[in-house]
Amino acid sequence: MGLLSKKDAILLTDPLADNNPITIQVLGICSALAITAELKASIVMAISVMFVLGLGNVVISLMRNIIPSKIRIIVQLIVVATLVIIVDLVLKAFAYELSKTLSVFVGLIITNCIIMGRFEAFALANKPWRSFLDGIGNAVGYGVILIMVGFFRELLGSGTLLGFKVLGDPIEKTGLYAIGYENNGFMLLSPMALIVVGIIIWIQRSRNATLIEEN
Amino acid sequence: MEHIELFFKSIFIDNMVFATFLGMCSYLAVSKKVATAVGLGAAVIFVLAVTVPLNWLLDQYILQPGALGWLGAEYAAYDLSFLSFIMFIATIATMVQLVEIIVEKFSPSLYNSLGIFLPLIAVNCAILGGSLFMQSREIPSLGLALTYGVGSGIGWFLAILAIAAIREKIRYSSVPPALRGLGITFIITGLMAIGFMSFGGMLTGGDEEVKPKKEVEAIIEKVEKKEIANNTKTIK
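### Some details on the overall build of chain A
Moving on, step 1. A tally of helices and strands in chain A yields nine helices and two strands.
Moving on, step 2. Reading chain A from its N terminus to its C terminus gives the helix and strand order α-α-α-α-α-α-α-α-β-β-α.
Moving on, step 3. Along the longest, intermediate and shortest principal axes, the C-alpha atoms of chain A span 65 × 45 × 40 Å.
Moving on, step 4. Looking at the 215 residues of chain A, the share that counts as buried comes to 50%.
Moving on, step 5. Put simply, chain A shows about 10,100 Å² of open surface, and 68% of that area lies on carbon and sulfur atoms.

This is the structure:
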């Protein structure tokens, strides 16, 4: 990839912070909360969304002049559903344990608002290369939040990262557990995901006052 | 009765918003006023009640491994479950379109008040999630699928009604500026989810055999309690 023009580079960097799909555009919340109890699941979900959103944006952008407006939602749904079936089958074949953890949320990528949202807002009106960049940018922005939430939930909830025991062994009481530290099992439950995302939004808006909502 | 148990389980214990986070995007976007929240919640209940049983029929007679046996013995070996996503979402999109046409014809005022939200229900993860959970939990009968659909819808409706009511009131509180709007909604939803976790113990028990001595033991307990109460009174 050569040097991207300034306009194109913004497509990649905007969704990372200032136009983040989860915290600013409020899209894609469902899966961000449900599967982030493990860091590995978060990473795999982020990569899956990157695949579906990137390729989907390109396909819709290529077809944008021939889709009749009345059936465009159905066409978008079919494109996404096909890509998600591919992702689901690949996961089932190469990472069966993980696909069990992700269970129905792989299928729910179809209704992930980020994907339909970007199709409508960008791919239907822009050329394929820019649509691809926009798709990748938004998926990376989504992935950043997912990984952040997954990192804290897994670290504080089970003391592991990607399955490796980083804080010591809880049964043998080595490492941090030797001084009496206990895992906060509550972090693995659903309510904490909501509160962690709320705190991330709080931090982001404190640092960037333009994002604060008027009352 | 398994219907009643599934009904209450899908409203409180497996609540679509608080336990599995389905439909969060429209939940957050539409919950600024109670009136629109009620309208959207009602539409979600209706669409779920229609699509979950329909998708159950699809799953039972076409998609499951071995489901095509009714066509002929040689078709029983086919496993079309990989087509689930496309078939479910196609059913949902079609049913929502149909519901839209019917509502527009029979109740124009309801149609106007729902506005853009009715077609948006097709891509609400709660609807597809309802069908996918119905499939992954292997709900055994059509009646139970209907109960599950209606129950899940009512659970979602309860959640969005509660958060809309709270958000209307919280505009008069002094929330820190950076938390205003989206941030505080997330945290409140988290607290509500913690509250709903208390329902987790609701359906345990009741499957045990009724002990015949239970009544006698209950009476003995009552008498003992009365004695203790009397004793503490006399000591005082």
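### Some thoughts on the overall build of chain B
Moving on, step 1. The helix and strand tally for chain B stands at 10 helices and zero strands.
Moving on, step 2. Sequence-ordered secondary structure for chain B, helices as α and strands as β, is α-α-α-α-α-α-α-α-α-α.
Moving on, step 3. Split into buried and exposed, the 236 residues of chain B put 43% on the buried side.
Moving on, step 4. In chain B, the proportion of contacts linking residues at least 24 apart, taken out of those at least 6 apart, comes to 76%.
Moving on, step 5. In the form shown here, chain B has an accessible surface area of approximately 12,700 Å², with 65% of it arising from carbon and sulfur atoms.

### Details of the interface of chain A and chain B
Moving on, step 1. In this assembly, 39 residues from chain A lie in contact with 39 residues from chain B.
Moving on, step 2. Taken over both partners, the interface formed by chain A and chain B buries close to 3,500 Å², and the fraction arising from carbon and sulfur atoms is 83%.
Moving on, step 3. At the surface where chain A touches chain B, the tally comes to zero salt bridges.
Moving on, step 4. Inspection of the chain A/chain B interface yields one residue pair in polar contact (both at pLDDT 80 or more).
Moving on, step 5. Listed by contribution, the elements that provide at least two residues to the side of chain A that touches chain B are α2 (29–34), α4 (72–94), α6 (104–107), α7 (113–121) and α9 (190–207) of chain A.

### Things to note about the pattern of salt bridges
Residue and element names in this part refer to chain B.
Moving on, step 1. The tally for this structure, following the rule as stated, stands at four salt bridges over all chains.
Moving on, step 2. Two residues, R137 and D14, come together in a salt bridge whose shortest N-O distance is 3.4 Å. Taken as a pair, R137 in the loop between α7 (125–136) and α8 (142–170) and D14 in the loop between α1 (2–13) and α2 (24–30) lie far apart in primary sequence, 123 residues in all.
Moving on, step 3. For R137, a relative accessible area of 37% puts it in the partly exposed group.
Moving on, step 4. Judged by its relative accessible area of 24%, D14 is partly exposed.

### Side note on unusual backbone geometry
Residues and elements named next belong to chain B.
Moving on, step 1. Phi is positive for F21, close to 55 degrees, though the residue is something other than glycine.
Moving on, step 2. By the secondary structure assignment, F21 is in the loop between α1 and α2.
Moving on, step 3. Among the residues examined, F21 registers a relative accessible area of 1% and is labelled buried.
Moving on, step 4. A positive phi angle is found at E138, which is not glycine, with a value near 55 degrees.

### Things to note about the packing of helix α3 (residues 39–63) of chain A against α4(A)
Any two packed helices are characterised by the angle at which their axes cross and by the distance between the axes.
Residues and elements named next belong to chain A.
Moving on, step 1. Relative to each other, α3 and α4 sit at 145 degrees, their axes nearing to 10 Å. Where α3 crosses over α4, the two elements pack in a sense that is right-handed. Counting all contacts with α3, which are made through V44, S48, F51, V52, L55, G56, V59, I60 and M63, the residues of α4 involved are V75, Q76, V79, V80, L83, V84, I86, V87 and L91.
Moving on, step 2. A breakdown of the residues in the contact of α3 with α4 according to their chemical character gives 15 nonpolar, three polar and no charged.

### So, α9(A)
Moving on, step 1. When the terminal C-alpha atoms of α9(A) are compared, their 27 Å separation across 18 residues agrees well with the 26 Å that a helix rising 1.5 Å per residue should span.
Moving on, step 2. Taking burial as the measure, the 18 residues of α9(A) include 13 buried ones, the bulk of the element.

### Some details on the packing of α9(A) against helix α9 (residues 182–196) of chain B
Moving on, step 1. Running from N to C, α9(A) and α9(B) point in directions that differ by 165 degrees, and their axes come no closer than 8 Å. One finds that α9(A) runs roughly antiparallel with respect to α9(B). Seen along the crossing, α9(A) lies across α9(B) with a hand that is left-handed. Residue-level inspection shows A:P191, A:L194, A:I195, A:V197, A:G198, A:I201 and A:R205 of α9(A) in contact with α9(B), the latter providing B:L182, B:G183, B:F186, B:I187, B:T189, B:G190, B:L191, B:A193 and B:I194.

### Description of the environment of A:P15
Residue and element names in this part refer to chain A.
Moving on, step 1. Relative to the assigned elements, P15 resides in the loop between α1 (6–13) and α2.
Moving on, step 2. You can call P15 buried: its relative accessible area is 4%.
Moving on, step 3. Here the alpha-carbon distance between P15 and K70, two residues 55 residues apart in the chain, equals 29 Å.
Moving on, step 4. Those residues in contact with P15 that sit more than four places away from it in its chain are I10, N20, P21, G137, N138 and G141.

### So, the nonpolar core
Moving on, step 1. Residues A:I29, A:L33, A:I110, B:M24, B:Y27, B:W156 and B:F186 are the most contacted members of the largest nonpolar core, which totals 116 residues.
Moving on, step 2. Residue contributions to this core peak at 10 residues, all from α4(A).
Moving on, step 3. Setting aside its immediate chain neighbours within four residues, A:I110 contacts A:L77, A:V80, A:A81, A:V84, A:M116, B:F85, B:I89 and B:L128.
Moving on, step 4. Core analysis: the next-biggest nonpolar cluster, separate from the first, contains five residues, A:L39, A:L155, A:L167 and A:Y177 among them.

Parameters and conventions
- For every chain, the first residue of the written sequence is number 1, and numbering continues from 1 along that sequence.
- Chains and ligands are labelled by the order in which they are written, letters from A for the one and numbers from 1 for the other.
- In view of the model being predicted, local features appear only for residues whose pLDDT reaches at least 70, and side-chain atom pairs are presented and counted only at 80 or more, with totals across whole chains, interfaces and linings using the full set of residues.
- Calculation of side-chain values draws on the structure's entire complement of heavy atoms; hydrogens and water are dropped beforehand.
- Elements are defined by DSSP. Helices are runs of H or I of four residues or more, strands are runs of E of two residues or more, and each kind is numbered from the N terminus.
- The buried label applies to any residue whose accessible area, calculated with a 1.4 Å probe on protein chains only, is under 20% of its type's maximum; exposed applies above 50%, and partly exposed to all values in between.
- Computed with a 1.4 Å probe, the accessible areas rest on the Shrake-Rupley method; for each residue, only the protein chains presented here act as cover.
- Residue contacts follow a heavy-atom distance rule, with two residues in contact if any of their heavy atoms lie within 4.5 Å.
- Buried area is understood as the total, over both parts, of accessible area removed when two parts are fitted together, assessed with a 1.4 Å probe.
- Any carboxyl oxygen of Asp or Glu within 4 Å of a side-chain nitrogen of Lys or Arg constitutes a salt bridge here.
- Between N or O atoms, a polar contact is any pair within 3.5 Å; within protein, one atom must be a potential hydrogen donor and the other a potential acceptor, and residues adjacent in sequence are included only when both atoms are from side chains.
- Between N-to-C directions, angles span 0 to 180 degrees; the directions come from axes that are lines fitted to C-alpha atoms, helices contributing only their stretch in contact.
- In this scheme, a crossing is called left-handed if the near helix is turned counterclockwise away from the far one by less than a right angle; it is called right-handed if the turn is clockwise.
- Here the nonpolar group is Ala, Val, Leu, Ile, Met, Phe, Trp, Tyr, Cys and Pro; Asp, Glu, Lys and Arg are the charged ones; every other residue, Gly included, is treated as polar.
- Here the expected length of a helix is defined as 1.5 Å per residue gap, with one fewer gap than residues.
- When an angle is under 35 degrees it counts as roughly parallel; over 145 it counts as roughly antiparallel; between 65 and 115 it counts as roughly perpendicular; any other value is oblique.
- Here, nonpolar core means buried Ala, Val, Leu, Ile, Met, Phe, Trp, Tyr and Cys residues that are tied together by side-chain atoms lying within 4.5 Å of each other.

Honestly, it's all geometry; don't read function into it.
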